[in-house]
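Inside the fold
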Amino acid sequence: MEVQRLRILQLHSNFIEYQPIKKEIATAEKCEKKKQQLEELVVLFTCVEKGDDEAVARKAVEEVKSSLQQLKVNKVLIYPYAHLSSNLAKPVAALKVLKAMEKHAKEAGIETYRTPFGWCKQFSISIKGHPLAEQSKVVLPTEGEEKEVVSKALKAEEKLKPSWFILQPDGKMVPVESFNFSGHENLEKFARNEIKKVRAVQQVPPHVKLMRRLEIADYEPGSDPGNFRWYPKGSLIKSLLEQFVTQKVAEYGAMEVETPIMYDFQHPSLAKYLDRFPARQYVLESGEKELFLRFSACFGQFLMAHDAQFSYRQLPLRIYELTKYSFRREKSGELVGLRRLRAFTMPDCHALCADLDQAKKEFLVRSELCREVLKNGLEFGKDDYEVAIRFTNDFFEENKDFIVSLVQQMDKPVLVEMWEERFFYFILKWEFNFLDNLNKASALSTDQIDIENAERYDITYVDEKGERRHPLILHCSPSGAIERCVYAMLEKAYREQQKENVPILPLWLSPVQVRVIPVSDKFIEDAEKIANEIERHRIRTDLDDRPLMIRKKIREAETEWINYMLVIGQKEIESGILSVRDRKAREIKEMQLQEFIGEVKKKVEGMPFKLLTLPRRLSARPRFFG
RNA sequence: GCCCCGAUAGCUCAGUGGCCAGAGCAACGGCUUUGUAAGCCGUAGGUCGCGGGUUCAAAUCCCGCCCGGGGCUCCA
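Described below are features of the structure shown in this document. Predicted model only: the values in this text are computed from it and were never measured.

Below, the discussion takes up the state of the cysteines. Evaluation of the coordinates by the stated rule reveals zero disulfides. Unpaired in this structure, Cys-349 has its nearest cysteine sulfur neighbour in Cys-476, at a distance of 5.9 Å. With no disulfide of its own, Cys-485 lies 11 Å from the sulfur of Cys-370, the closest cysteine sulfur. With relative accessibility at 1%, the residue Cys-485 sits in the buried group.

This is the structure in structure tokens:
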């Protein structure tokens, strides 16, 4: 990484006279094109380089201040001057630093002026002739200091001191320390994890091996960390999950939309929102514009809602997008396999509600939706996740019954995080958290009640009296990130394997549901006919036509987690009765073809279907891993 | 991002200063025509992550970077 430094040319002057002539960049500050004159001052020609931040600005002011004391002057002009460097910061960042310098200087009691940023200016300067009159300063960032721009929300979160409780479905709320966790071991692990007392063992989470061995997904060294490649099988699984969640959300009544993945930093609503969201962004430069990649669908949907017109009669208004992708520039040390990515697919569903009453009702409908998505999609029941509910003190006092009814819906004790003060844009939030084999918790489904953004984005509806009002906004991801769902299923499968159960994916998600295995190449054609018939019923079927021994083919099908294996030989062809190896049930059953097809179809009824795009014959398939 | 650890054939790994760097699996070729978790023989495959340095000599020691992992921290 290049070393960044703030460069200042410091000139002790008799006077300076300057006049803005012409804007140099689109993002120039507003100002009058009037001639200005200042006398007996120190002029700071300042150049902000890439990576400079407010800490550097503060340090620069400190250094300038000590010079001022020497020179016995207390007046400065901060003059943006790009020509001192070839490694300039972007305009937005530079202006931030200059403003920070101005602020710190004023706070330090210095009479401070600043010329407008982004203008081509004419100036005349008279410099004093003493040895200290002309100095140049290079301010380096302090070692170890936070160099990146961090949102206020992220900083605020660091200072949060919440209290922790366990809330039971019967409405009893007890402090975490005095809760009896017996029978709720996962909740205990989760609570400790959240309150941060655990030390995890040094280990790679097991899903990483699985995601590669099963040819689902893999790291892509050619990209940025946390941006994955998806092999055909993984792409199928991911796509099916996406289809399923989208279908459930449509049934719930949301309108599906699509919005851009990148946004203008300069947009006023967005700038304010960025500061309230605890996440880091990817930024990219395009021409003179500075853009950031979305980290959720909020921007696009809110801007859309801002331009839409609707009244209380249309509320709650539900808007949905499957973001492919959302981007968060997570710190590199936080990225692990599919648990946490920098580019991820997130179903994001907002509901605009007239008032808190409506929001609360809607909230319960949506939590039911989330539970269903996990239950039917991932086959995750309430034992597979722990619930956290987070809210402010005030909200709890005023909405106790509602929160208890939410917990009753969850049907198990939940972890409560309660804040004295509201730091975020929401007043209430819950998530379902999955605990992996290293006892790390990751949120899947989540929902929140947002009371700030309707105003920030100026989203309004017309109420009964014809007046414009800001709705409340619910933010929900019914499944959480799709990649994270895959992670959770793999981790769960591994856990089952440790318990000597069969590791397996839900049948509807298995890339290969049925594998037909001819005993020798004499039976390949017969096997093909059977495979055709099964696939005609929308069951993913392939054919192991390789010249290998049966037991080897069976072994490979087992390690690929294929649900059913049909061995085809003389016996089957003559009798018409199939030998079906049911992997999950760990048994070999004899049955008619149509009977078998019926059994499989029944198990995947109502779930989305897609064909696997790998060649049916294994001999024609590439190997992506191993 | 910081601290610590790692990287050798497509995969899993052996090799810690000294001849042309090894094994198993996979791939490819041949034999075998196979009945429910690994048949036999052979062939090919390596810029030892990348770049620099130390040395008569570097996969091996040193520095920087990339990628991965763990921790701190944080989230969907």
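So, next bit.
Moving on: the nonpolar core. Core analysis: the biggest nonpolar cluster contains 104 residues, and Leu-241, Ile-534 and Leu-566 have the highest contact counts within it. Apart from residues no more than four positions distant in its own chain, Leu-241 is found in contact with Leu-378, Ile-482, Cys-485, Val-486, Met-489, Trp-508 and Leu-509.

Another aspect to go through is unusual backbone geometry. For the bond running from Leu-315 to Pro-316, omega is -5°, close enough to zero to count as cis. Within the fold, Pro-316 resides in the loop between helix H8 (298-307) and strand E15 (317-327). Residue Tyr-325 follows Lys-324 across a cis peptide bond; omega there is 15°. Here Tyr-325 lies in strand E15. One non-glycine residue, Asp-411, lies in the positive phi region at around 65°. Position of Asp-411 relative to the elements: it lies in the loop between helix H11 (400-410) and strand E18 (414-419). A residue is classified by how much of its surface remains accessible, and Asp-411, at 44% relative accessible area, is partly exposed.

Quick look at the packing of helix H14 (residues 524-536) against helix H17 (residues 593-603) now. Where H14 contacts H17, the two axes come as close as 10 Å, and the packing angle between them is 40°. In this view, H14 runs oblique relative to H17, as classed from their interaxial angle. Crossing handedness for the pair H14 and H17: right-handed. Facing H14, whose interface residues are Ile-530, Glu-533 and Ile-534, H17 presents Leu-593, Gln-594, Phe-596 and Ile-597. A per-class count over the contact of H14 with H17 returns five nonpolar, one polar and one charged.

This part covers the sheet that holds strand E27 (residues 578-582). One open sheet accounts for five strands, arranged E25-E24-E26-E27-E28; its pairing is mixed. What marks the edges here is a single partner per strand, and that holds for strand E25 (541-543) and strand E28 (587-591). Each strand axis lies, on average, 25° off the axis of its neighbour in the sheet, ignoring direction. Pairing geometry for E27 and E28, over five bridges, is antiparallel. Counterpart to Val-580 in the pairing with E28 is Lys-589. Contacting strand E24 (514-518), strand E26 (564-568) and E27, helix H15 (residues 550-559) crosses the sheet at an angle of about 170° to E24.

About the thresholds
Residues numbered from 1 in each chain as written. Chains lettered and ligands numbered in written order. Predicted model: local features only at pLDDT ≥ 70, side-chain atom pairs only at ≥ 80, totals over all residues. Heavy atoms only, no water. Disulfide = S-S within 2.5 Å. Buried < 20%, exposed > 50% of the residue type's maximum accessible area, 1.4 Å probe, protein only. Core = buried A, V, L, I, M, F, W, Y, C linked by side-chain atoms within 4.5 Å. Contact = heavy atoms within 4.5 Å. Helix = DSSP H or I, 4+ residues; strand = E, 2+ residues; numbered from the N terminus. Axes fitted to C-alpha atoms, helices over the stretch in contact; angles between N-to-C directions. Parallel < 35°, antiparallel > 145°, perpendicular 65-115°, else oblique. Left-handed = near helix turned anticlockwise from the far one by under 90°. Nonpolar A, V, L, I, M, F, W, Y, C, P; charged D, E, K, R; others polar. Pairing = 2+ DSSP bridges.

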